[in-house]
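Coordinate analysis (summary)
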Amino acid sequence: MMLLQSLQHEVRQALAAYKDSFALIAVDIDFLIRYSMRLTGDQTNCLMEKVTSFLKREFHPHEFFYKHGLDEFYVICSPADNHFALKLAERVRKRFRGQRFADFFGDGFRNTRMSFSAGIAAYPENGGHDKVFEKASVSLYAAKAYRRNQAVAFNDYQPAQPPRRLYNRQAYVEVISGGPGKDGRVRAEIAAESAMLWEPQALAASDDGRIYIADQNNHQIVDYNGRTMSAVLGTGEYGAGREGQKALKWALNKPTGLCVSDDNLYVTDTGNDTVIRCHLPTQSVNRAAGSGQSGYYNGGNAADARLNKPGGIAADCRGNLYINDIANNIIRLVTPDGCISDFAGNGRFGFNGDGGDALNAAFNEIYGIGIDEANDSLYIVDYGNHRIRRVDLKTRIISTVTGCGRPGYSGDGASALDAMINCPTAVCGAEGRYIFIAESANHAIRIVDLRHGTIHTLAGGCGIGTGVNEGIADFRLANPNALAVTGNKLYFLDGANNRLCRIQNWIK
């Protein structure tokens, strides 16, 4: 992390020296940890030396920055603009994808194809020198959120707005911590406004109003108590925890989901294909599901099961856990006695099943899930189908509650079933009357009023951006990816902006 901050400082200093137009390309190697877990430290260094040599050669003669031990690179093109830089990044990205960087490690790596994501911003097109750095970072995180292996240029142009109907124009967005172009880690208790995150992915609220954050790239879980933030689980370095270790000694690998039930914090340790349970009063940790071997297997005992990239997780009042098993494209159920079974999904990609047993339904990549106890409902984000689906927890009948299945932005003020939503990533219920939806591609948070079946925009939906504390009508988001409600407060992660935000007066 210190290397990354030093690299960013070096790049910012270099940008300050440019007086003519320039473009900044921020590059991040996709899924490097997955490769590193199969290699020794020396092999990883060797791999990155080959990657660095290739990128230096391909981006020559433009200014190039890289720090050993990291997988992030920066390229300054001068004079240039977003259009030129995007064409350059795309050309290099396509050639990069065709390389076999790891084939010298043996047959197991012979067909390995690596990719990278890139974010781009330009001066003066996107503002001053510091703004260019921030917006290139936002674009990079957006590219990673759009399934990676992409290059995205920041677009300050605000397209004609869809016919938004804001649910409550008097609401106000407050930034609690973090910000665009700011990466950091919570090491000790710190005032929330000074805390920094690194690609946070999930939120959970406890009964006492605490907010827990899955800080993915820091491989840790952070607690926000209303004033300060502190680490509660994870060492801050990727790895795999061992039975008997306490919470701050337990290593995680890219956690992307979490929920709180009674005194237990459940975390999907996605990179390790497990779900872990942390008993908050004692800080004791153990595996709740997943053997640590990737795959598909139930086998009765949840700790012996095989999961494949578990993501979202939710718990009901009866002690049941629901796990989004992403790569298997199903929802798993873990009962209080530790037995695991399939709950929803037949494993096939597509769309069908509405009106029948959830086990027979097909999804097109599940993202977040959320429990609504008041309605006995499990809400499922069907990302690729651009829908929010509901499973009745009593009957297990599945249905669509939001989205017509076509990607887009429409429907505000009318039926939620007829509305177009675009790449939803998170969902949560509130008071048995509302559903909140985070839409990454629309950079918006929508709200569904279940009493009337109507949908509105709560925040965003006016183009990608880096909004500051301001009225809700003008606040611009970048790939919101997590939601949590406690009382009359809605918390959300503004993902590509690396920040935690709050809307306190969302209720009319």
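Keep in mind the model is a prediction, meaning the values are calculated, not measured.

What counts as what
For every chain, the first residue of the written sequence is number 1, and numbering continues from 1 along that sequence. Restriction of local features to residues with pLDDT of at least 70 applies here, the model being predicted, together with a cutoff of 80 or more for giving and counting side-chain atom pairs; totals for whole chains, interfaces and linings are based on all residues. Excluded from the side-chain calculations are hydrogens and water; all other atoms, namely the structure's heavy atoms, are used. In DSSP terms, a helix is any run of H or I states spanning at least four residues, a strand is any run of E spanning at least two, and both are numbered starting from the N terminus. Each radius of gyration reported is based on C-alpha atoms, and the globular scaling rule is 2.2 Å times the count of residues to the power 0.38. Relative accessibility under 20% of the residue-type maximum defines a buried residue, over 50% an exposed one, and the middle range a partly exposed one, all with a 1.4 Å probe and only protein chains included. By definition in these notes, contact holds between two residues if any of their heavy atoms fall within 4.5 Å. For every accessible area listed, the method is Shrake-Rupley and the probe measures 1.4 Å; residues are considered covered only by the protein chains on display. Each residue after the first adds 1.5 Å to the expected span of a helix.

1. Overview of the overall build of the protein chain
In terms of regular secondary structure, the protein chain is built from five helices and 31 strands. Its C-alpha radius of gyration of 22 Å places the protein chain within 12% of the 23 Å reference for a compact globule of 508 residues. Its C-alpha atoms put the protein chain at 65 × 50 × 45 Å along the principal axes. Within the protein chain, buried positions represent 59% of all 508 residues. Considering only contacts within the protein chain whose residues lie at least 6 apart along the sequence, 52% involve residues at least 24 apart. A total accessible area of about 19,400 Å² is found for the protein chain, and carbon and sulfur atoms account for 47% of it.

2. Some words on the environment of Tyr-383
Within the secondary structure layout, Tyr-383 lies in the loop between strand S21 (377–382) and strand S22 (387–392). On the basis of relative accessibility, which here comes to 7%, the residue Tyr-383 falls in the buried class. For the pair Tyr-383 and Glu-439, spaced 56 residues apart in sequence, the C-alpha to C-alpha distance is 9.3 Å. Aside from chain neighbours lying at most four places away, what touches Tyr-383 is Ala-145, Arg-147, Asn-364, Glu-365, Tyr-367, Cys-423, Pro-424, Thr-425 and Ser-440.

3. Focus: helix H5 (residues 129–145)
The terminal C-alpha atoms of H5 lie 25 Å apart, and with 17 residues this matches the ideal 24 Å at 1.5 Å per residue to within 8%. By the criterion of burial, H5 is predominantly enclosed, with 13 of the 17 residues buried. Arg-147 sits one or two positions beyond H5 and adopts a positive phi of about 80°.

4. Points about the environment of Tyr-434
For Tyr-434, the position within the fold is in strand S25 (residues 434–439). Along the sequence, Tyr-434 and Ile-455 sit 21 residues apart, while their C-alpha atoms lie 9.7 Å from each other. When neighbours within four sequence positions are excluded, Tyr-434 is seen to be in contact with Tyr-167, Cys-428, Gly-429, Ile-447, Val-448, Asp-449, Leu-450, Arg-451 and Trp-506.

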